[in-house]
Amino acid sequence: MKKYILLLSLLLAVGCSNNKVNNEVQTPLDFTLEQAEKNGDIIVGPSGQRNTEKMDDFISSHNNNEKATLRIATYTDEGDAILYDLSTDEDTIYYSSDNTRDAFGGDVGIKKTTCKNIVKEEDTETTLYIIEGCKDRIGPYDSVRDIDIVLTLVK
């Protein structure tokens, strides 16, 4: 009986200490701007833009068939986080959108898809990072140009 209690305790301890689900890090529901800064995430919102150079690094890794991961944390005017996670493995980009923290968002949930490429497009006012070849449309979308935009930066 003691063996079973010890084994059960050990399994519970290991299960509770693991903070990953399907190889993804769980993110707290109250994911703050300070936490995003501490993680080194790309941050976009009313307080400005930070760590944006990481997007170019991610594209370079993808183009060189190197593994890479990246999180983009966008913040609403109310301070709610909307998270976009990207990872690349050879020629595939795994892309997820999580708006479960957005109190005023519609169609709340976590959506996932795979894509083929990301390209950077610049003009005098903005830099767009367009994600291409996605199986599903899960993030920001420009219906006029029929493109999926993973990140918009204002100059």
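See above for the structure.
Now for a description of the structure that goes with this document.

What counts, and where the lines are drawn
Residues numbered from 1 in each chain as written. Predicted model: local features only at pLDDT ≥ 70, side-chain atom pairs only at ≥ 80, totals over all residues. Heavy atoms only, no water. Phe/Tyr/Trp six-rings, centres within 6.5 Å; stacked < 30°, edge-to-face > 60°. Lys NZ or Arg CZ within 6 Å of the ring centre and 35° of its normal. Pairing = 2+ DSSP bridges. Helix = DSSP H or I, 4+ residues; strand = E, 2+ residues; numbered from the N terminus. Axes fitted to C-alpha atoms, helices over the stretch in contact; angles between N-to-C directions. Contact = heavy atoms within 4.5 Å. Disulfide = S-S within 2.5 Å. Buried < 20%, exposed > 50% of the residue type's maximum accessible area, 1.4 Å probe, protein only.

**Details of the packing of aromatic side chains**
The geometry of an aromatic ring pair comes down to the distance between the two centres and the angle between the two planes.
Thought 1: Here the structure, examined in full by the defined rule, presents one aromatic pair.
Thought 2: The ring of Phe 31 is capped by Arg 71, whose NZ or CZ atom sits 5.5 Å from the centre of that ring.

**Some remarks on the sheet that holds strand S8 (residues 110-115)**
Thought 1: Across the sheet, which stays open at both edges, the six strands sit in the order S4-S3-S5-S6-S7-S8 with mixed pairing between neighbours. The outermost strands of the open sheet, each flanked by one partner alone, are strand S4 (48-50) and S8. Between one strand axis and the next, the sheet turns through 15 degrees on average, direction left out of account.
Thought 2: Sheet topology places strand S5 (residues 68-75) next to strand S6 (residues 81-89); eight bridges connect them, and they run antiparallel. When the bridges of S6 are listed, Tyr 75 appears paired with Ala 81.

**Considerations on the sheet that holds strand S12 (residues 147-154)**
Thought 1: Reading across the sheet, the four strands line up as S9-S10-S12-S11 and stay open at both edges, with antiparallel pairing between neighbours. Since the sheet does not close on itself, it has two edges, and those belong to strand S9 (117-122) and strand S11 (141-142), each with one partner.
Thought 2: For strand S10 (residues 126-132) and S12, the ladder comprises six bridges, and the chain directions are antiparallel. Residue pairing across strands places Thr 127 opposite Leu 153, the latter belonging to S12.
Thought 3: Against the sheet, helix H3 (residues 53-63) contacts S9, S10 and S12, and its axis sits at roughly 135 degrees relative to S9.

**Comments concerning the side chain of Ser 96**
Thought 1: Here Ser 96 is to be found in strand S7 (residues 92-98).
Thought 2: The residues contacting Ser 96, other than those within four sequence positions of it, are Leu 83, Tyr 84, Asp 85, Lys 111, Lys 112 and Ile 138.

**Examining the state of the cysteines**
Thought 1: Enumeration over the complete set of coordinates arrives at one disulfide.
Thought 2: Through a disulfide, Cys 115 is tied to Cys 134; the S-S separation comes to 2.0 Å. In this structure, the disulfide formed by Cys 115 and Cys 134 twists by about 100 degrees around the S-S bond and is classed as right-handed. You can see Cys 115 sitting in strand S8 and its partner Cys 134 sitting in the loop between S10 and S11, a full 19 residues away along the chain.
Thought 3: Cys 134 gets classed as partly exposed once you look at its relative accessible area, which sits at 21%.

Scope: geometric values only; no functional claims are made or implied.
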